[in-house]
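So you can see what is in the structure, the chains are spelled out below.
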Amino acid sequence: MIDLAFVRANLPVVEEKLRSRGMDPAAALGDFAAIDRERRDAITQVETLKARRNKLTEEIARLRKAGEDASAQTEETRTLKSEVESLEARATAADERLQAILTTIPNLPQDSVPVGKDEHANREEKIWGEKPAFDFEPKPHWEIGEALNILDFNRAAKLSGSRFVVHFGAGARLERALANFMLDLHTREHGYTEVLPPYMVNKESLFGTGQLPKFEEDLYFTTSINKNFSFETTSPDIDSSGEISSPPESLLIVPQDDFYSSGLYLIPTAEVPVTNLFRDETLDEAQLSISFCAYTPCFRSEAGSYGKDVRGMIRQHQFQKVELVKFTTPDKSDAEHEALTRHAETVLEKLGLPYRRMLLSTGDMGFASSKTYDLEVWLPGQSLYREISSCSNFMDFQARRANIRFRPAGAKKSEYLHTLNGSGLAVGRTYLAILENYQQADGSVRVPEALVPYMNGQTVITRQERA
């Protein structure tokens, strides 16, 4: 969330930053300026009335000490008290309206972010690695995985619907190997502490990182069923020959009231629970910077992506990811952003996967981000680059929403710290990148050297027989 005082003091700057994101400032901010004036006017009047009430209190004391009548002053004091309470309520209501507006406003892009409407304005920062050359027509990962019998999209659809996949044999092992490789790299070489958080969170956690209220349609929500229920069985249908024509059906009988109780949300990314570990806490500056990594499943409804990437594993409702999260001081956040991005890049480099780093434009950034690098891996089977990691600096945007502070050394007053996160990496997309970049003419897939120890020494994935 943006600082209210900053918006008030820099309204033209805020409006211009919102325009750079493709937003209409008038629609986004609404009556912000008018509401803020109302709030400040109410506060000014309160201070004026309180000053008058203090003088009256002194006068009443003087009159009573002199044995004189103070009834008029006492009555005025009562009137002033009522007016002060009314004005304070107006100021509070105005403040709540301002805060409500600010919760819907995205973070402001840093000055170094290129201005543009969409991904076409993103700026390529670097390219790493040589694209593999094949003496055959490279295939997309879904064809490779199905031919090797390590991926099964049809059986996943039978279990759960579209945008799911089942991994078998060496394919399941490859997914696990990637996760272990990434976690070992980040904890042993990059200094992260591994965290295993809950996979379900409350709405306060999602508000803290910026998914709520704006992106609720992209989330999966769970509900708890009232346990006070009973089962009742209907009588079976019997035909003229005396045979049972249909089996009995069990009916769930539940109370009419309070059938569902409040539930939790499935996490769209480990960023949510890990960032909220310190919600409503104040850390000492000496504790910072803190670096966490977490391997979790992620659940996304992909509500706005109907018809996009329907083939393969690019856009799934459930996928696994290793997430990197940092908490730091404002003066270190830019350097930590560069470091976090390099940590994600190192995974790709050790796996020998060609990639490029893109600096996202103002129109392509996420809601909470002030600056984002996307790492895009080369997929020869599709002849394009695909995002495999987004590394973002949120500055104090999430910390304000989640009330995460730090106390600078020697200071009495605490400040909001800065949060950062990035995928290190999305496991499923790394998996498919390996299938496409390491495919061979006979349909097999070489295992990257860095993963061989995690694959129990297996160097090539060949077709496996299964039911």
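Read on for an overview of the structure. Everything numeric here is computed off the predicted structure, so don't read it as measured data.

**As for the nonpolar core**
Counting 48 residues, the largest nonpolar core has Leu-178 and Ile-461 as the members making the most contacts within it. Within the residue set of this core, elements represented by two or more residues are α6 (141-147), α8 (169-188), β16 (318-328), α11 (333-350), β18 (371-379), β19 (384-395), β22 (418-426) and α13 (427-437). Counting residues per element, this core draws most heavily on α8, at 8 residues. Contact partners of Leu-178, with chain neighbours within four places excluded, come to Leu-351, Val-427, Thr-430, Tyr-431, Ile-434 and Leu-451. In this structure, Val-7, Leu-18, Leu-108 and Phe-397 belong to the second largest nonpolar core, which totals 20 residues.

**A few points about unusual backbone geometry**
With omega at 5°, the peptide bond leading from Leu-288 into Ser-289 counts as cis. Mapped onto the fold, Ser-289 is located in the loop between β14 (281-284) and β15 (290-299). Geometrically, the link from Gly-424 to Leu-425 is a cis peptide bond, its omega value of 20° lying close to zero. Residue placement: Leu-425 occurs in strand β22. The residue Arg-163 is not glycine, and still its phi comes out positive at about 65°. Considering the arrangement of structural elements, one finds Arg-163 in the loop between α7 (153-160) and β3 (166-167).

**Some details on α8**
The periodicity of an α-helix, 3.6 residues per turn, causes residues three or four places apart in sequence to face the same way. Relative to the 28 Å expected for 20 residues at 1.5 Å per residue, α8 spans 28 Å between its end C-alpha atoms, a close match to the ideal helical length. Listed as buried for α8 are Ala-170, Gly-171, Leu-174, Glu-175, Ala-177, Leu-178, Ala-179, Phe-181, Met-182, Leu-183, Leu-185 and His-186.

**Quick notes on the environment of Ile-388**
Of note, Ile-388 is situated in strand β19. Separated by 37 residues in sequence, Ile-388 and Leu-425 have C-alpha atoms that sit 6.6 Å apart. In contact with Ile-388, not counting residues within four places along its chain, are Leu-348, Leu-375, Glu-376, Val-377, Ser-423, Leu-425, Ala-426, Arg-429 and Thr-430.

**What to know about a nonpolar patch on the surface**
A cluster of nonpolar side chains, Leu-196, Tyr-199, Met-200 and Leu-264, forms an exposed patch at the surface whose accessible area comes to about 380 Å². Here Tyr-199 lies in the loop between β4 (193-195) and β5 (200-201). Tyr-199 sits in the partly exposed class, given a relative accessible area of 34%.

**A look at α7**
Near the N-terminus of α7, the side chain that reaches the backbone nitrogen of Asn-154, with its oxygen 3.2 Å away, is that of Asp-152. Positioned one or two residues after α7, Gly-161 has a phi angle of 105°, which is positive.

**Side note on the packing of α8 against α11**
Two elements in contact, α8 and α11, have axes separated by 11 Å at closest approach and are oriented at 130°. When the axes of α8 and α11 are compared, the pair comes out oblique. At the point where α8 passes α11, the crossing takes the right-handed sense. When α8 is examined against α11, the residues Phe-181, Met-182, Leu-185 and His-186 are found in contact with a partner set consisting of His-343, Thr-346, Val-347 and Lys-350.

**Let's talk about the sheet that holds β14**
The strands making up a sheet are joined through hydrogen bonds of the backbone, oriented either antiparallel or parallel. Strand order in the open sheet formed by 3 strands is β14-β20-β21, with mixed pairing between adjacent strands. Strands at the two margins of the open sheet, each flanked by one partner only, are β14 and β21 (415-416). In the sheet, strand β20 (residues 404-407) pairs with β21 via 2 bridges, with the strands oriented antiparallel. Paired with Arg-405 across the bridge in β21 is Tyr-416.

Cut-offs and rules
- Residues numbered from 1 in each chain as written.
- Predicted model: local features only at pLDDT ≥ 70, side-chain atom pairs only at ≥ 80, totals over all residues.
- Heavy atoms only, no water.
- Core = buried A, V, L, I, M, F, W, Y, C linked by side-chain atoms within 4.5 Å.
- Buried < 20%, exposed > 50% of the residue type's maximum accessible area, 1.4 Å probe, protein only.
- Helix = DSSP H or I, 4+ residues; strand = E, 2+ residues; numbered from the N terminus.
- Contact = heavy atoms within 4.5 Å.
- Expected span 1.5 Å × (residues − 1).
- Patch = residues over 30% accessible without salt bridge, like charges linked within 9 Å, V, L, I, M, F, W, Y side chains within 5 Å.
- Areas by Shrake-Rupley, 256 points an atom, 1.4 Å probe, with all protein chains shown as cover.
- Salt bridge = Lys/Arg side-chain N within 4 Å of Asp/Glu carboxyl O.
- Polar contact = N/O pair within 3.5 Å; in protein donor to acceptor, adjacent residues only side chain to side chain.
- Axes fitted to C-alpha atoms, helices over the stretch in contact; angles between N-to-C directions.
- Parallel < 35°, antiparallel > 145°, perpendicular 65-115°, else oblique.
- Left-handed = near helix turned anticlockwise from the far one by under 90°.
- Pairing = 2+ DSSP bridges.

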